[in-house]
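# An overview of the molecular structure
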Amino acid sequence: MKPNLTNPKTTYCESEFEMSANKIREIRLIRENPRFRRYPEYKETGMKWVREIPEHWRVERAKFIFRRLQRPVRENDEIITAFRDGIVTLRKNRRTLGFTNSLKEIGYQGLRKGDLVIHAMDGHAGAIGVSDSDGKSSPVYSVCRPISEENVYYYAYLLRYIALSGFVESLARGVRERSTEFRFNEFKELELPIPTVSEQTQIVGFLDRKTGRIDELIRIKERQIELLQEQRTALINQVVTKGLDPNVEMKPSGVEWIGHIPGHWIISKVKHEFKSLDNFRIPLNAETRGSMRAKVYDYYGASGVIDKVENYIFDEPLILIGEDGANLHLRSTPLAFKATGKYWVNNHAHVLRPKRGNIDYLTNMLESFDYTHYITGAAQPKLTSEHLMNITVIIPPPVEQQQIANLLNRKTQQIDDLIAAEQRKIELLKEYRQSLISEAVTGKIDVRNEV
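For clarity, every value in this text was computed on a predicted model and none was experimentally measured.

### A look at unusual backbone geometry
- Not every positive phi belongs to a glycine, and Arg331 is a case in point at roughly 55°.
- Within the element layout of this structure, Arg331 appears in the loop between helix H9 (327-330) and strand E20 (336-339).

### Some thoughts on the layout of surface pockets
- Empty space within the largest pocket amounts to approximately 780 Å³.
- Along its surface, the largest pocket is lined by 25 residues, and Arg232, Thr233, Ile236, Pro334 and Glu367 are the ones closest to its centre.
- Contributions of two or more residues to the lining of the largest pocket are made by helix H6 (197-242), E20, helix H10 (359-368) and helix H12 (398-441).
- Per-element tally for the lining of the largest pocket: the top contributor is H6, with 7 residues.
- Each residue belonging to the lining of the largest pocket can be placed in one class, and the counts come to 7 nonpolar, 10 polar and 8 charged.

### Overview of the side chain of Ser368
- Considering the arrangement of structural elements, one finds Ser368 in helix H10.
- Contacts of Ser368, omitting those with residues within four sequence positions, involve Ile236, Asn237, Val240 and Trp257.

### Comments concerning the sheet that holds strand E18 (residues 304-309)
- With mixed pairing, 3 strands are arranged side by side in an open sheet as E18-E17-E21. Whereas interior strands pair on both sides, the edge strands pair on one side only; in this sheet they are E18 and strand E21 (343-345). Across the sheet, the mean angle separating the axes of adjacent strands is 30° when strand polarity is ignored.
- Note: strand E17 (residues 297-301) against E21, 3 bridges, orientation parallel. Looking at E21, one finds that Tyr300 is bridged to Val345.

### Side note on H12
- Relative to the 64 Å expected for 44 residues at 1.5 Å per residue, H12 spans 63 Å between its end C-alpha atoms, a close match to the ideal helical length.
- Note on H12: the residue one or two positions beyond its end, Gly443, has a positive phi of about 80°.

### Quick word on helix H3 (residues 152-165)
- Look at H3: 20 Å from first C-alpha to last across 14 residues, which is about the 20 Å you get at 1.5 Å a residue.
- Within H3, 11 of the 14 residues are buried, which leaves the element mostly enclosed by the surrounding structure.
- All of the buried residues in H3 are Val152, Tyr154, Tyr155, Ala156, Tyr157, Leu158, Leu159, Arg160, Tyr161, Ile162 and Ala163.
- Capping of H3 at its N-terminal end is provided by Asn151; its side-chain oxygen lies 3.0 Å from the backbone amide nitrogen of Tyr153.

### Thoughts on the pattern of salt bridges
- Considering all chains together, one arrives at 25 salt bridges under this definition.
- For Arg58, the salt bridge is made with Glu150, and the minimal N-O distance between the two is 3.6 Å. Placement of Arg58 in strand E3 (residues 58-61) and of Glu150 in the loop between strand E11 (141-146) and H3 is noted, with a sequence separation of 92 residues between them.
- Among the ionic pairs, Glu422 bridges to Lys425, the shortest N-O distance being 3.5 Å.

### Some words on the packing of H6 against H12
- Contact pair H6 / H12: the axes reach a minimum separation of 10 Å and the direction vectors enclose 170°. As the angle between them shows, H6 and H12 are arranged roughly antiparallel.
- Residues of the contact of H6 with H12, tallied by class, amount to 25 nonpolar, 6 polar and 11 charged.

### Topic: the environment of Gly212
- As for its position among the elements, Gly212 is in helix H6.
- The class for Gly212 is partly exposed, based on a relative accessible area of 29%.
- Residues Gly212 and Arg433, 221 residues apart in the sequence, show an inter-C-alpha distance of 9.5 Å.

What counts and how
- Residues numbered from 1 in each chain as written.
- Predicted model: local features only at pLDDT ≥ 70, side-chain atom pairs only at ≥ 80, totals over all residues.
- Heavy atoms only, no water.
- Helix = DSSP H or I, 4+ residues; strand = E, 2+ residues; numbered from the N terminus.
- 1 Å grid on protein atoms, 1.4 Å probe; cavity = no way out; pocket = protein on both sides within 12 Å on 5 of 7 lines; lining within 4 Å.
- Points joined across faces, edges and corners; volume = space filled by probe spheres on them.
- Nonpolar A, V, L, I, M, F, W, Y, C, P; charged D, E, K, R; others polar.
- Contact = heavy atoms within 4.5 Å.
- Pairing = 2+ DSSP bridges.
- Axes fitted to C-alpha atoms, helices over the stretch in contact; angles between N-to-C directions.
- Expected span 1.5 Å × (residues − 1).
- Buried < 20%, exposed > 50% of the residue type's maximum accessible area, 1.4 Å probe, protein only.
- Polar contact = N/O pair within 3.5 Å; in protein donor to acceptor, adjacent residues only side chain to side chain.
- Salt bridge = Lys/Arg side-chain N within 4 Å of Asp/Glu carboxyl O.
- Parallel < 35°, antiparallel > 145°, perpendicular 65-115°, else oblique.

So, in structure tokens, the structure goes:
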């Protein structure tokens, strides 16, 4: 039975399970323990980034806590691959360099489970973590180990917080800027707040539990966003190919993935319904754009606006379609989108001017299409102008185009608002997560008795 999409409801699976269980859990989490208790007594540290710590904590330089290691590589060692939430994992089942002298020449080093690993040029604070296995790494990683019995996971939390906050430039610069190497000689002089070992373990346990619950909520919200996006896509695909009348007589479209369309709709080609303006596109390299001063006009690429520039090429509503790149297959961002106002387009997006019809309907129609059979190139996917202009399109009468466009504008805006609301909640949860970590590892809250 064809659904009546003239008045679709935004349900996206929020009715039973998420709205009852997960929503309640989220509210409970945010309201639960909004203020943790502080330690009874504090003392000054003399450090700018953390001015006071609990009275019984101590301050030590990193060189008295860690030593940098450069172990030899063993024959069966796997290469480390990814940082996630303070854990470093290995790259399983992947062909790597053989165990030869070349490993020594290029500086590969051995890792052991429990090593603190810092990526020298990764772009975020997730580049600090504890190895979950024995393995090996390139010299872009600094491998450290506590000198005495310390909880290395506490230091992973602490150092990731320091790097993310940017309070200590010698560490933050090393893990946040790809152009700058991590400097262990600077890091070893960094002063760190040190709880007792048993308290380090309590802090780690507390943060593992709390951040695990927050991460679960974030995953739920990310799934809700995926479901909303799927609903949005399904709505567009349905109405732009089937229309709004569930009782209309249908006919074969001649395109397998489209199937049947209303009998009075026209089957045409892109080249008959649109004029290509690709010849007017002009690419501008990053250096040229960087030298501009009055950057007020949108600069479009294959996936939308990528910069601002000081001049424009087009001054009318047009449809842009990505010409190359992974998004031709992934469709993680819109492939066809409307550009308005005054703007510039580079050579990575096709530019189409409709010869007739409603541009909003036509944009949604082109976005809904499956371009798989028209894409060439495996390593560098490309939708050529020749292939694009010969794609079959379906054209309703102008009145129906307007009706479909009006419905989609209204309904997709409702879905977009829901997506934006979920994204805001995710950001709040991430802020709450980072706040808990920062307060726990610097002693602003006492979590010793938290369960």
